[in-house]
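One letter stands for each residue in the lines below.
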Amino acid sequence: DQQVKQNSPSLSVQEGRISILNCDYTNSMFDYFLWYKKYPAEGPTFLISISSIKDKNEDGRFTVFLNKSAKHLSLHIVPSQPGDSAVYFCAASAPQKLVFGQGTRLTINP
Amino acid sequence: DAGVTQSPTHLIKTRGQHVTLRCSPISGHKSVSWYQQVLGQGPQFIFQYYEKEERGRGNFPDRFSARQFPNYSSELNVNALLLGDSALYLCASSPHTGGYSYGYTFGSGTRLTVV
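Predicted model only: the values in this text are computed from it and were never measured. (Residues numbered from 1 in each chain as written. Chains lettered and ligands numbered in written order. Predicted model: local features only at pLDDT ≥ 70, side-chain atom pairs only at ≥ 80, totals over all residues. Heavy atoms only, no water.)

Focus: the interface of chain A and chain B
Bring the parts together and some accessible area is lost; that lost area is often taken as the interface size. Here is the rule: Contact definition: two residues touch when any of their heavy atoms are within 4.5 Å. When two components associate, each loses some accessible surface as probed by a 1.4 Å sphere; the sum of these losses over both components is called the buried area. For salt bridges, the criterion is a side-chain nitrogen of Lys or Arg within 4 Å of an Asp or Glu carboxyl oxygen. Polar contact is the term for a pair of N or O atoms within 3.5 Å; when the atoms are in protein, one must be able to donate a hydrogen and the other to accept it, and sequence-neighboring residues count only if both atoms are side-chain atoms. Strands are runs of DSSP state E lasting at least 2 residues, helices are runs of H or I lasting at least 4, and numbering of each runs from the N terminus. Residue classes follow a fixed rule: Ala, Val, Leu, Ile, Met, Phe, Trp, Tyr, Cys and Pro count as nonpolar, while Asp, Glu, Lys and Arg count as charged, and any other residue, Gly among them, counts as polar.
With 19 residues of chain A at the contact, the number on the chain B side is 21 residues. Both sides of the chain A and chain B interface together cover about 1,600 Å² of buried area, and 61% of this is carbon and sulfur. One can count zero salt bridges joining chain A with chain B. At the junction of chain A with chain B, the criterion picks out three residue pairs in polar contact (both at pLDDT 80 or more). Broken down by element, the side of chain A that touches chain B gets its largest block of residues, four residues, from strand S4 (residues 32-38) of chain A. Of the residues that constitute the side of chain A that touches chain B, the class distribution is 10 nonpolar, six polar and three charged.

Looking at the pairing of strand S7 (residues 62-67) of chain A
Residue and element names in this part refer to chain A. What counts is decided by this rule: Pairing between strands requires that DSSP locate at least two bridges from one strand to the other.
The pairing of strand S6 (residues 56-59) with S7 spans four bridges and is classified as antiparallel. Considered in S7, the bridge of lysine 56 is made with phenylalanine 65. What sits between S6 and S7 in their antiparallel hairpin is a turn of two residues, with glycine 60 showing a positive phi close to 65°. For S7 and strand S8 (residues 72-77), the ladder comprises six bridges, and the chain directions are antiparallel. Residue pairing in the sheet places asparagine 67 in a bridge with histidine 72 of S8. Hairpin connection from S7 to S8: four residues lie between these consecutive antiparallel strands, with lysine 71 at a positive phi of about 50°.

Thoughts on the state of the cysteines
Residue and element names in this part refer to chain A. The condition that has to hold: A pair of cysteine sulfur atoms is labelled a disulfide when the two atoms are within 2.5 Å. Residue burial is assigned from relative accessible area. The probe radius is 1.4 Å, only protein chains are included, and a residue is buried under 20% of its type maximum, exposed over 50%, and partly exposed in between.
Going through the model one piece at a time under the given rule, you end up with two disulfides over all chains. Bridging cysteine 23 to cysteine 90, the disulfide has an S-S length of 2.1 Å. Between cysteine 23 and cysteine 90, the S-S torsion sits near -70°, and that sign places the bridge as left-handed. Taken together, the positions of cysteine 23 in strand S3 (residues 19-25) and cysteine 90 in strand S9 (residues 86-94) put the pair 67 residues apart, joining distant regions of the chain. Residue class for cysteine 90 comes out buried when judged on its relative accessible area of 0%.

Considerations on the nonpolar core
Looking at soluble globular proteins, one finds that nonpolar side chains tend to be buried together. Residues and elements named next belong to chain A. Using the following cut-off: For our purposes a nonpolar core is just a set of buried Ala, Val, Leu, Ile, Met, Phe, Trp, Tyr and Cys residues, chained together by side-chain atoms within 4.5 Å.
In terms of nonpolar packing, the biggest core is built from 25 residues, with Val4, Phe30, Phe33, Trp35, Leu73, Leu75 and Tyr88 touching the most fellow members. Sorting the residues of this core by element identifies S3, S4, strand S5 (45-51), S7, S8, S9 and strand S11 (104-109) as the ones contributing at least two each. It is S9 that contributes the most residues to this core, five residues altogether. The residues contacting tyrosine 88, other than those within four sequence positions of it, are Gln6, Leu21, Trp35, Tyr36, Lys37, Leu47, Leu75, Ile77, Gly103, Thr104 and Leu106.

Focus: the layout of surface pockets
Threshold: As defined here, a cavity is a set of points on a 1 Å grid over the protein atoms alone where a 1.4 Å probe fits but cannot get out. A pocket is an open set with protein on both sides within 12 Å along at least five of seven lines, and residues line them when an atom is within 4 Å of a point. Grid points are joined across faces, edges and corners, and a volume is the space filled by probe spheres set on the points.
Of the voids in this model, the largest pocket is the one considered here, and its volume is about 510 Å³. Around the largest pocket, the lining is made up of 24 residues, and of these Lys38(A), Arg105(A), Gln37(B), Leu39(B) and Arg111(B) lie nearest the centre. Put simply, the parts of the chain that give the lining of the largest pocket at least two residues each are S9 and S11 of chain A. Grouping the amino acids of the lining of the largest pocket by side-chain chemistry returns nine nonpolar, 11 polar and four charged.

As for unusual backbone geometry
Residue Pro79(A) follows Val78(A) across a cis peptide bond; omega there is -10°. As for its placement among the helices and strands, Pro79(A) is situated in the loop between S8 and S9. Cis peptide bonds are those with omega within 30 degrees of zero, and the linkage from Ser7(B) to Pro8(B) qualifies with -10°. Counting through the fold element by element, Pro8(B) comes out in the loop between strand S1 (5-7) and strand S2 (10-13). With a phi angle near 50°, Lys71(A) is a residue other than glycine that sits in the positive phi range.

Keep in mind these values describe shape, not function.
In structure tokens form, the structure reads like this:
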């Protein structure tokens, strides 16, 4: 029972362009959604979050959009930089835990 | 300030053996959670401990157990290791129990290989 899904295992984007990572969820009781970034041999690092009562949250180059009716959220990175190449995880907050998607490997090409 | 520290960073065990993984949370954080990340998947919740008490448990067999000490550090124990237990084990600390609103900070993990 995969409650949080990232259907794109990988994404390749040219440097300077927009990167859009997508995430779908099934449980309407989740109260927060988060994006984590993970480099090899490191733990996940918090990037940005959004409350379920909002539809947009922006932090510098990163913007997260939430569409509750579609149970869908997306992370926009503009402009994409080489250092953004990493695995990105979408996560939903449930009591006492986070529920993660499978991850999307983002590669930024020069 | 030190972040979340985990030890060891890597280890190799044989099927049927037992393993103990350790985690020290950020100073002042009272909650520790454990996650298992299998290659190609997202982290899966195993346990959360707060003030030395288990506050949440994921869908893992009884071979998995954990405890939290008075200094808030934690151990994850896995008995009768199976090949499928090979994974990156992540520890996360947070100031309190409960949901996201209190924040989670992850350690770099312990890479366990079972042969």
